[in-house]
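Structural characterization, general
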Amino acid sequence: MTPTTTAAPLPSLESALGQPNYQLRVTYSRASDLHMEVWQLPAVATPDLVKPLRLGGLGGRHLALIEERVLRQLARSRVKLGKVLPHKPQVYSLTEEVALRLGLIFRVLAPMRSRDKMMACVMRIEEMGQEEAAYWLGMALHHQNPRRVLAALRLLLQE
């Protein structure tokens, strides 16, 4: 017989090894309306983080424009999106490098409207090193005025 009590979920491998823990949450709200969010979860490596922190999210036409590039990055880190049912979020574990890049891409693209400028920003972020992406995402998350940081980054990426 199996016990009827439920055990607490086991920590992820990254959390057990003392590394930051990241998740990708994917939802469909309506037909062909995909939404993705990157979250950082509390872990041994991040003692100041006591609750999940949303790094960025993107959906709708913005995500549709770069969906192929996002899926390519996810495939490189061995994340394959399964069948996503409407209003049932799917959760996937991400590596730190992919989480930083996707979080930064989602934050940079969210208010943009020009498709050409959006693609230029995505291509330049994909070329960034992990340290540079971490720096810009940290500035966008923790700076006194993150909108100015993101505006400056957009200008630099479009040159």
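Heads up: the structure comes first, above all this text.
Okay, so let's go over this structure. (Residues numbered from 1 in each chain as written. Predicted model: local features only at pLDDT ≥ 70, side-chain atom pairs only at ≥ 80, totals over all residues. Heavy atoms only, no water.)

Turning to the sheet that holds strand β2 (residues 33-41), a few remarks are in order. The four strands are arranged β3-β2-β1-β4 in an open sheet whose pairing can be described as antiparallel. The two strands at the open ends of the sheet, each matched to only one other strand, are β3 (53-59) and β4 (90-94). Strand after strand, the sheet turns through a mean of 20 degrees between neighbouring axes, direction not considered. Relative to β2, strand β1 (residues 21-30) is paired through nine bridges, and the arrangement is antiparallel. Across the sheet, Val26 pairs through a bridge with Met36, a residue of β2. (Pairing = 2+ DSSP bridges. Helix = DSSP H or I, 4+ residues; strand = E, 2+ residues; numbered from the N terminus. Axes fitted to C-alpha atoms, helices over the stretch in contact; angles between N-to-C directions.)

Here β2 lies mainly inside the structure; eight of its nine residues are buried. The pairing of β2 with β3 spans six bridges and is antiparallel. Note on β3: the bridge partner recorded for Trp39 is Arg54. (Buried < 20%, exposed > 50% of the residue type's maximum accessible area, 1.4 Å probe, protein only.)

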